[in-house]
Amino acid sequence: MRERCGPDFQVGVRISPERFGLRLGEVREVAAELLLSDAVDYLDLSLWDVAKQPEEEGFQDRPLMDWFTDLDRGTTRLGVAGKVRSGQQVTEALDRGADFVMVGRASILHHDFPERVRADGSFATRTPVSPAHLADEGLSPVFVEYMRNWRGFVTEAS
Ligand SMILES: Cc1cc2nc3c(=O)[nH]c(=O)nc-3n(C[C@H](O)[C@H](O)[C@H](O)COP(=O)(O)O)c2cc1C
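The shown structure was predicted, so the numbers you read here are calculated from the model rather than taken from an experiment. (Residues numbered from 1 in each chain as written. Predicted model: local features only at pLDDT ≥ 70, side-chain atom pairs only at ≥ 80, totals over all residues. Heavy atoms only, no water.)

> An account of the overall build of the protein chain is requested, with residue identities and associated values reported.
In terms of regular secondary structure, the protein chain is built from eight helices and four strands. In the protein chain, the succession of α and β elements from N to C terminus is α-β-α-β-α-β-α-β-α-α-α-α. For the C-alpha atoms alone, the extent of the protein chain along its principal axes is close to 50 × 45 × 30 Å. In the protein chain, which comprises 158 residues, the share counted as buried stands at 36%. Look at the contacts in the protein chain between residues 6 or more apart in sequence, and 61% of them connect residues 24 or more apart. Counting every atom, the protein chain has about 9,800 Å² of accessible surface; 50% of that belongs to carbon and sulfur. For the protein chain, the separation between the mean place of its 19 positive charges and that of its 27 negative charges on side chains is 4 Å. (Helix = DSSP H or I, 4+ residues; strand = E, 2+ residues; numbered from the N terminus. Buried < 20%, exposed > 50% of the residue type's maximum accessible area, 1.4 Å probe, protein only. Contact = heavy atoms within 4.5 Å. Areas by Shrake-Rupley, 256 points an atom, 1.4 Å probe, with all protein chains shown as cover. Lys, Arg positive; Asp, Glu negative; His and termini not counted. Charge placed at Lys NZ, Arg CZ, Asp CG, Glu CD.)

Written out as structure tokens, the structure is:
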């Protein structure tokens, strides 16, 4: 990919540490190797909740994210995703050692979430929101219906 896309193209890998039956100790080893390999510009952790404790026994003495932030990362950036919904949570994740945060549902609620947080560090999203709000944010009717799969995200139809 680097050869074909050139040096300005960001190459990253996403890891879902607690999905697909993966074992945390093994995932940590893979992450450690990737972070120092020079093969990627960033590693992206799909944690589903940046504040959560690990599910796996033997790893529950510190938050899931911390099992990765203490790894030597050289110049590779480490990003985290999961329930980051406010400026305060962005700041907390960065303070806890992430180089950047990724926002999923917060950016569906507000397409300009990063700009809002930059302008007001106390900005926070609220749910549920109406289908009309999501349509204003650019979601198609099909997408709005799909987002009903996330409980408490879209207001119930009256
Ligand atoms: C509508 C939607 C589609 C998603 N699709 C993908 C996907 O294709 N691949 C993936 O790795 N994660 C996907 N995710 C997960 C998000 O990238 C993110 O990790 C997750 O939503 C947690 O972050 P959040 O709490 O900020 O939403 C999706 C999330 C949403 C809400």
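> Mind laying out unusual backbone geometry, listing which residues take part and the relevant values?
Here the bond from Thr-127 into Pro-128 is cis, since omega is 0 degrees, no more than 30 degrees from zero. Here Pro-128 shows up in the loop between helix H6 (113–119) and helix H7 (131–136). Phi is positive for Phe-20, close to 60 degrees, though the residue is something other than glycine. Not every positive phi belongs to a glycine, and Lys-83 is a case in point at roughly 60 degrees.

> Can you lay out the nonpolar core for me, pointing to particular residues and giving the numbers?
Membership of the largest hydrophobic core comes to 28 residues, with the highest contact counts inside it found for Ile-15, Leu-43, Leu-45, Leu-47, Phe-68 and Val-80. Here this core takes five residues from helix H2 (residues 24–35), the largest share from any one element. Not counting residues within four places of it along the chain, the set of residues in contact with Ile-15 comprises Val-27, Ala-31, Leu-34, Leu-43, Asp-44, Leu-45 and Ser-46. The next biggest cluster of nonpolar side chains, apart from the first, holds nine residues, and it includes Leu-109, Leu-139, Phe-153 and Val-154. (Core = buried A, V, L, I, M, F, W, Y, C linked by side-chain atoms within 4.5 Å.)

> With reference to specific residues and values, describe the pattern of salt bridges.
Tallied over the entire structure, the rule returns 10 salt bridges. We note a salt bridge from Asp-66 to Arg-96, for which the minimum N-O separation is 3.0 Å. Taken together, the positions of Asp-66 in helix H3 (residues 66–69) and Arg-96 in the loop between helix H4 (87–95) and strand E4 (100–102) put the pair 30 residues apart, joining distant regions of the chain. Between Asp-99 and Arg-73 there is a salt bridge whose closest N-O contact spans 2.8 Å. Of the two residues, Asp-99 sits in the loop between H4 and E4 while Arg-73 sits in the loop between H3 and strand E3 (77–81), which places them 26 residues apart along the sequence. The buried category is assigned to Arg-73, whose relative accessible area is 14%. Each member of the salt-bridge network shares a partner with another, and the members are Glu-18, Lys-52 and Glu-55. (Salt bridge = Lys/Arg side-chain N within 4 Å of Asp/Glu carboxyl O.)

All quantities given are derived from atomic positions and should not be read as evidence of function.
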